[in-house]
Structure formats: structure tokens, C-alpha cells
2 protein chains.
Amino acid sequence: MISLHQLRCFLATLEHGSFTAAAGVLGYAQPSISEQVRLLEQGLDTTLFRRVGRGLVPTEAARALAPHAAAALAAVAEAGRAVASVRELLTGTVRFGMFRTARFYLTADLVADVLHQHPGVRLELVGQNSAEVLEHLRKGRLEAAVIALPVEDENMVVTPVLRDELVYVSADPSRLHARVTPAALAAAQLVLPDASWRETDTTRRQLAQAVQRTGHSLRPRIEVEDTETALDIAARGLADTVTWRGVLHALGDRLPAGLAWAPLRPAMYETFAVVHRQGELSPASRVVVDLVMARMRGLDRAMRAEPA
Amino acid sequence: MISLHQLRCFLATLEHGSFTAAAGVLGYAQPSISEQVRLLEQGLDTTLFRRVGRGLVPTEAARALAPHAAAALAAVAEAGRAVASVRELLTGTVRFGMFRTARFYLTADLVADVLHQHPGVRLELVGQNSAEVLEHLRKGRLEAAVIALPVEDENMVVTPVLRDELVYVSADPSRLHARVTPAALAAAQLVLPDASWRETDTTRRQLAQAVQRTGHSLRPRIEVEDTETALDIAARGLADTVTWRGVLHALGDRLPAGLAWAPLRPAMYETFAVVHRQGELSPASRVVVDLVMARMRGLDRAMRAEPA
DNA sequence: CGAAATCAAAGGTTTCTCCTGTGGAAGCCG
DNA sequence: CGGCTTCCACAGGAGAAACCTTTGATTTCG
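Just so it is clear, the structure is predicted and the values come from calculations on it, not from any experiment.

### Focus: the domain arrangement of chain A
Here is step 1: Its domain assignment divides chain A into domain 1 (4-87) and domain 2 (94-308).
Here is step 2: The distance between the C-alpha centroids of domain 1 of chain A and domain 2 of chain A comes to 60 Å.

See the structure below:
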């Protein structure tokens, strides 16, 4: 079978006109080059050089072979460069998983960071919900992600980076005067996000459990997918909603007008963590993981410092 | 160092999603594929597949590598086809040497034969003079040729194919009545071809020797390169010339008007032979050699049958 | 929980690669 | 023309690579 090494020896021989010269250039002994070219001739079932006197004369077949041999070697070299380019994070795609609401916490800033540090890379930030993302992680389709705890998988490395507090949001200030207890939640007319993931979503389950302990059940009047949609509906006074302080913090001025919020009593927290499989993390993911950690921890500090 | 085999294994693995499947397709055991991919990863200093559970997940680097790996394999396959195409005489260039005057004997017919049998090939018919062509043969720049004897080189295979007779050509019938002896040649006003090769040309040397034996020397009044030019000059009555009967035979109607010819006395002959180095002849040259032999021998028979 | 499938690792055999050393042929030059 | 150099071919042997079989560990699926 024909090999790259044979092609290299052949091209060097063709270029320099003799086995001896080719051997000198390639750093081998002359019989090695001679043998490789002979093997190539055998593999191609063709004479590539006429051995005439003490010299070599390339045949027509050699002239036909040369450009293709060069092309093959060039393709391999290019392959090496392409891989190196990915390895050095000059090109390629980085995929990172996140629960959908994470975009309030870091998407735009994270993208800015990555694009700035690595101008050539593509970035894919995928994921709807923490449970779905965790499944992708387990199947290997994602290397790393930021999701809400808990993560019960001993093969995963879990690094908590931000603790956020659930808050009750309403357009009606009167509903925020009293302590928002689980019983109050059960009685309220609510709009909740993550309609498609209500069975597995950790926040939903936390809320549901708290309400259930009062003997009631959590029956939101309205279900939507987006947190933003839920807030819009709340701003219209159609229902109240529950979200994370961090979302309000991140929205700032862009929070729909007329909304106010109050903490739950007892307080309920959600912890977000960067999660990845045990073992080596690719350089690309490492970069994104580090950036996410820095951003999220910065947010964590900012929110802890902020008055409630 | 990265090898084609590794690329093959890698692509099969990528395509079929597992080492086991790739091994099945390629006809190897699973650990062999596994090892080759590991070597490739080592050679590229990159992880190509994440080993997750019992499956493999290609990395970004693998996706970057794949097209270049395919390109390298394609180039090698193309190289094989290109060489085969030359070997099968579908494409490529066939070089064949001949003394210049051979074009009177066979060039157009030979080209027709080759192009008809091998529509894709290029044909190079090179050579000025038998001595020059022989030198090319010795240096390996030509594989085979048809030239005038003698060829004193034991490394060459010499196959005589045509014996031709030297004839005296003149526009003046009176000069053809007497026997054209060497002495007559010495006295004649001659135009001779092969000006550049007068030192080595075999016909010249034959003529010169014959004349010299009479105590004179051969001093042509005019020297030109082309036989056709010499004949044109002879037709204008400016000088007489000497050429081969085969040339007149081949020219037929196209012989310049007014020329007549007579044999030399004693007769002088020139023998043409197909000559090539000992050992294997490439299929391409073999084809041309065979065609030339057939054509030349046909001419030989035709001329021997023709009355002088 | 058992069965099937998959990758990884170990051990051993065969093949390939490459070297050194040698011989022979061809060209070069005094 | 004879010696010198240069080049290719060949042989033998050491080391590396390729490949196989067997085994083990893990995961998935019924």
C-alpha cells in the first residue's frame, strides 16, 4: 500500500535527481530512499525512474505522479494546520451549555469576552433548561455548561458559582406588603416560565415542594416559556410571577415598568454551578468555563453586596 | 508522524461512530483502529474523540480534520489513477527519437497510427540527427529511437528495419548518363543537407570516405540543414545533391519538378534501425517501437520490390 | 439485574523500516 | 587508458510498528 513516506521520498528524489541527494535532504541513508521508491513503484505497478548508468531519469509516470503526490502532502500539512488552529483557539467552534435564563446573567458579556480573546472562533451557546443541558453533558454532546443545582452525577465536576434568591414579582404593590409565604403563593394568580420543563425544572420543583408542605399545590394560572414573557404579563397586571433577583438585577432599566418585587419568606435560593465531566477539558471549553466562572462570581459578589 | 493509514482509520471511525464499526468496515480488529486513532491524536497533539461511556463523540478538532484527511486520501487515489492512466496509455506523453529526415519515411503515418490507437496521448518526436539522438539514448533522455547505423554501443538493442540506397539527384539529365562514381561526386557541384552535423552524420562520412579513397575530398559547394531545401536548390539547377531513394519514394508527386536521379556506382547503402537500451521498454515506447518497425519494414519491402 | 456492546490494555507475532557494509557500474580527469 | 569518485543495488540485522487475540471494565438496554 502506498504511503506518504513513499511520496515524500519520491518527490525528494525527483527534485534532487538522485537517491543520494534525496537521502541527504531527508536525513536518511541512500538505500532507505531507494527502497521506499522501489516500494512505491511496486505499489503503483509502474516504473518511476529509469536507472540509467549512475543516474536516474524520471519516467512519464513520475511526471504524472508528482503533482498529485505534492497535493497529498499539502493536504496532510493543511490538516495539521487546521487542527492546530482549532487547538490554539484561532478557529473552530466552542459549544457551551446553559439554562435558558442564563442569558440574563451573562450571555452578552460572555460573548464579548470570548470574541475579544479569540477573534476567530465561533461560539455556540446552547440549551433550554438545566435538566436538558445536564442530559447533553451526560451523553457527551456538551463538554461543559452552567446549570442550576442539584446535579446528582458522580462523573461530573460541579463548581458552584452563584447563589441567587427567588423573588415574588407583581405590578400590584399591595400584594407585596404582606410576607410572601408558600401559602400566599398557593393562593396567588401566577404566571410561571419554563412551561415545557415544568416536570424537571429545579426552580419549579422547589416552589412546588414548599407549597405542597402547606397542604396546597402549585397551580400557576398561566404558563409560558420565557421569563421575559412572564414578566411582561406580570407588568400588565394579569398575574404575578416568581423569578430570580439576578434577573431583575440584570434587566435594570429594561425591567417592564410598574413591577415591584419582594423576597419569599422563608427565603428560597437557587445555586448555579459550572458543570463538566471528569477528566481533561478541551482548551476551548476551559476558556469559556473560566470566563463564565469569573462573570458569575462577579455577579454573585455584586448581588450579595446589594441591599435586599 | 502522521500517516495515511491513520487518516483512513480516523475517517472510518468518524463516519461510523465507533472503533468497532470502523474496524468492521476496514477489515481490522477493533484495537488496531483504536491504536491508529490514538497515534493520530498523539501526532496531532489533539483529542479527536471524547471517550464517553461506551461511545465516541468527535471533537471540534475532528470536524476540522475530516475534510483535509479526505482531501489527502483523495489526492493519493487521484495519484494512482493518474499513474494508471499513463500506464494504460490513456494519457501522458510518449517521446521517441528520430533523425530529422525520418519524417519523409514515416512521421505523418506514425502519428496517425498512434493517435488512432491511443487517442489521449501526447506524442513527441524529437531529434535532429542520428548522432545527436544516439547521445540522448545513451543519457537516458530518450527510451527508443530510429536512427541510421552504425550504433557502436553494446548496451543498446539494435533492430535494423530498412535499408535504403543513396542516389544522385540532378535537374540536368546529362549528368545522369554517366555512372556516378566517387570521382564524379568529387567533381560535382553539390548541395548537401545536415550542415550542423557534417562531422558526425553517417551519410556524410560514408560519402566522404568513398571520395577520399579516390584521392579527392568531398567539398560540397552549398550546405543546408534540410533535405527538402537541398532538393529545392537542386531543382533550380544550382547544384546537384545526394539523398536516399526512400525520400524520393516518399515525396512522390511532391518531388520538385524537373529532378531526376541515378544510383551511385558502386552503390552505397544506409541502414536504419530501431534502437533502445537493453532491458524493459515502457509500454508507451513499446507501442511506438512496434508501429515504427511495421511501417519501416513495409517501406523496405515496397522499395526492394520497386525497380531501381 | 442480566445480556450485549463498546473501548482499553496486555502480550506476542509478523511485518516494515532503517541502518551499515559491500559490490558493481559509470562518469571524470590527469 | 587507468585510477578516483560517485552513484545505485543488494544483503544482513536491529529496532519499531502494525496487528491480532484475549481479557477486563464500563455502559446501555431489555
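### Quick notes on the relation of the copies chain B and chain A
Here is step 1: Between chain B and chain A, which share one sequence, the superposing operator has a rotation angle of 180° and an axial displacement of 0.0 Å; the RMSD is 0.1 Å. Such a combination of rotation and displacement between the chain copies is what one expects of a two-fold axis. If distances are taken from each C-alpha of chain B to the rotation axis, the shortest is found for Ala72(B), at 2.2 Å.
Here is step 2: The share of interface residues of chain B whose copies in chain A are also at the interface is 97%, consistent with both copies meeting through the same surface.

### Observations concerning helix 5 (residues 102-117) of chain B
Here is step 1: Look at helix 5 of chain B: 21 Å from first C-alpha to last across 16 residues, which is about the 22 Å you get at 1.5 Å a residue.
Here is step 2: Every buried residue belonging to helix 5 of chain B is among Ala102(B), Phe104(B), Tyr105(B), Leu106(B), Thr107(B), Leu110(B), Asp113(B) and Val114(B), and all of these are buried.

### Observations regarding the nonpolar core
Here is step 1: Grouped together as the largest cluster of nonpolar side chains are 60 residues, with contacts concentrated most on Phe10(A), Leu48(A), Leu65(A), Phe10(B), Leu48(B) and Leu65(B).
Here is step 2: Contributing elements (two or more residues each) for this core: helix 1 (4-16), helix 2 (19-26), helix 3 (30-44) and helix 4 (60-87) of chain A together with helix 1 (4-16), helix 2 (19-26), helix 3 (30-44) and helix 4 (60-87) of chain B.
Here is step 3: In terms of nonpolar packing, the next biggest core, distinct from the first, is built from 55 residues, Leu89(B), Leu176(B), Leu255(B) and Val288(B) among them.

### Some remarks on the packing of aromatic side chains
Given two aromatic rings, one states the distance between the centres and the angle between the planes to describe the pair.
Residue and element names in this part refer to chain A.
Here is step 1: In total, this model carries 16 aromatic pairs over all chains according to the counting rule given.
Here is step 2: For the ring pair phenylalanine 99 and tryptophan 244, a centre distance of 6.0 Å and an interplane angle of 90° mean the geometry is edge-to-face. Separated by 145 residues along the polypeptide, phenylalanine 99 in the loop between strand 3 (93-98) and helix 5 (102-117) and tryptophan 244 in strand 9 (residues 240-244) bring together distant segments of the chain.
Here is step 3: A ring pair is formed by phenylalanine 99 and phenylalanine 272, whose centres lie 4.6 Å apart and whose planes are at 10°; its orientation type is stacked. A residue pair is termed long-range when its members are at least 10 positions apart, and phenylalanine 99 in the loop between strand 3 and helix 5 and phenylalanine 272 in strand 11 (residues 269-277) qualify at 173 residues. By the burial criterion, phenylalanine 99 is buried, and phenylalanine 272 matches it.
Here is step 4: Members of the aromatic cluster, joined through ring pairs, are Phe99, Tyr105, Trp244 and Phe272.

### Some thoughts on the interface of chain B and chain A
Here is step 1: Counting residues at the interface gives 38 residues for chain B and 37 residues for chain A.
Here is step 2: Counting each side, the surface lost to burial between chain B and chain A is near 2,900 Å², with a carbon and sulfur contribution of 69%.
Here is step 3: Linking chain B with chain A are two salt bridges, by the criterion used here.
Here is step 4: The closest approach of N and O atoms between Arg50(B) and Glu143(A), which form a salt bridge, is 3.5 Å.

### Structural notes on the protein's contact with DNA strand C
Here is step 1: Around DNA strand C, the structure places 20 residues, and the nearest of them are His5(A), Ser32(A), Phe19(B), Thr20(B) and Arg51(B).
Here is step 2: Within the side chain of Ser34(B), an N or O atom sits 3.0 Å from a phosphate oxygen of DNA strand C.
Here is step 3: Elements supplying a minimum of two residues to the surface near DNA strand C: helix 3 of chain A together with helix 2 and helix 3 of chain B.
Here is step 4: Looking at which element gives the most residues to the surface near DNA strand C, the answer is helix 3 of chain A, with five residues.
Here is step 5: In terms of residue class, the surface near DNA strand C is built from seven nonpolar, nine polar and four charged.

### Re the pattern of salt bridges
Oppositely charged side chains can form a pair if their charged atoms are brought close together.
All names here are of chain B.
Here is step 1: On inspection of all chains with the given rule, the structure shows 42 salt bridges over all chains.
Here is step 2: Notably, a salt bridge pairs arginine 81 with glutamate 78, separated by 2.8 Å at the nearest N-O pair. With a gap of three residues between them, arginine 81 and glutamate 78 both fall in helix 4, about one helical turn apart.
Here is step 3: On the accessibility criterion, glutamate 78 (33% relative accessible area) is partly exposed.

### Points about the protein's contact with DNA strand D
Here is step 1: Looking at DNA strand D, there are 20 residues lining it, with Phe19(A), Thr20(A), Arg51(A), His5(B) and Ser32(B) nearest.
Here is step 2: What you see for DNA strand D is that sugar and phosphate hold 70% of its atoms within 4 Å of the protein.
Here is step 3: Interatomic distance of 2.6 Å between a backbone N/O atom of Phe19(A) and a phosphate oxygen of DNA strand D.
Here is step 4: One of the side-chain nitrogen or oxygen atoms of Gln30(A) is found 3.2 Å away from a base nitrogen of DNA strand D.
Here is step 5: Among the secondary structure elements, those contributing two or more residues to the surface near DNA strand D are helix 2 and helix 3 of chain A together with helix 3 of chain B.
Here is step 6: Among the elements that line the surface near DNA strand D, the one with the most residues is helix 3 of chain B, at five residues.
Here is step 7: Of the residues contributing to the surface near DNA strand D, the split by class is seven nonpolar, nine polar and four charged.

### Here we look at the UniProt feature "domain: HTH lysR-type" (unreviewed entry) in chain A
Here is step 1: UniProt marks residues 2-59 of chain A with the feature "domain: HTH lysR-type" (unreviewed entry), using the numbering shown here.
Here is step 2: Helix makes up 62% of residues 2-59 of chain A and strand makes up 14%, while its end C-alpha atoms are separated by 18 Å.

### Remarks on the environment of Leu44(B)
Here is step 1: In this structure, Leu44(B) sits in helix 3.
Here is step 2: Sequence separation between Leu44(B) and Leu65(B) is 21 residues, and the spatial gap between their C-alpha atoms is 9.9 Å.
Here is step 3: Leaving out residues up to four positions away in the same chain, Leu44(B) has contacts with Gly80(A), Val83(A), Arg87(A), Ile2(B) and Leu65(B).

### Topic: helix 8 (residues 202-212) of chain B
Residue pairs spaced three or four apart in an α-helix point in one direction, given the helix's 3.6 residues per turn.
Here is step 1: Listing the buried residues of helix 8 of chain B in full gives Thr202(B), Thr203(B), Arg204(B), Leu207(B), Ala210(B) and Val211(B).
Here is step 2: Measuring from the backbone nitrogen of Thr203(B) back to the side-chain oxygen at the start of helix 8 of chain B gives 3.2 Å, which picks out Asp201(B) as the cap.

### Observations regarding the side chain of Gln6(A)
Here is step 1: Its location among the elements puts Gln6(A) in helix 1.
Here is step 2: In contact with Gln6(A), not counting residues within four places along its chain, are Met1(A), Gln36(A), Leu39(A) and Leu40(A).

### Some words on the packing of helix 1 of chain A against helix 3 of chain A
Residue and element names in this part refer to chain A.
Here is step 1: Interaxial distance between helix 1 and helix 3 falls to 9 Å at its minimum, and their mutual angle equals 110°. Classed by the angle they form, the pair helix 1 and helix 3 counts as roughly perpendicular. Helix-helix and strand crossings are classified by hand; for helix 1 and helix 3 the assignment is left-handed. From helix 1, His5, Gln6, Leu7, Cys9, Phe10 and Thr13 reach across to helix 3, where they touch Ile33, Gln36, Val37, Leu39 and Leu40.
Here is step 2: Here the contact of helix 1 with helix 3 is built from residues that sort into seven nonpolar, four polar and no charged.

Conventions we followed
- Residues numbered from 1 in each chain as written.
- Chains lettered and ligands numbered in written order.
- Predicted model: local features only at pLDDT ≥ 70, side-chain atom pairs only at ≥ 80, totals over all residues.
- Heavy atoms only, no water.
- Domains from an automatic or database assignment.
- Least-squares fit on C-alpha atoms with pLDDT ≥ 70 in both.
- Contact = heavy atoms within 4.5 Å.
- Helix = DSSP H or I, 4+ residues; strand = E, 2+ residues; numbered from the N terminus.
- Expected span 1.5 Å × (residues − 1).
- Buried < 20%, exposed > 50% of the residue type's maximum accessible area, 1.4 Å probe, protein only.
- Core = buried A, V, L, I, M, F, W, Y, C linked by side-chain atoms within 4.5 Å.
- Phe/Tyr/Trp six-rings, centres within 6.5 Å; stacked < 30°, edge-to-face > 60°.
- Buried area = accessible area lost by both parts, 1.4 Å probe.
- Salt bridge = Lys/Arg side-chain N within 4 Å of Asp/Glu carboxyl O.
- Near = heavy atom within 4 Å.
- Polar contact = N/O pair within 3.5 Å; in protein donor to acceptor, adjacent residues only side chain to side chain.
- Nonpolar A, V, L, I, M, F, W, Y, C, P; charged D, E, K, R; others polar.
- UniProt positions renumbered as here; feature names shortened; annotations may be inferred.
- Axes fitted to C-alpha atoms, helices over the stretch in contact; angles between N-to-C directions.
- Parallel < 35°, antiparallel > 145°, perpendicular 65-115°, else oblique.
- Left-handed = near helix turned anticlockwise from the far one by under 90°.

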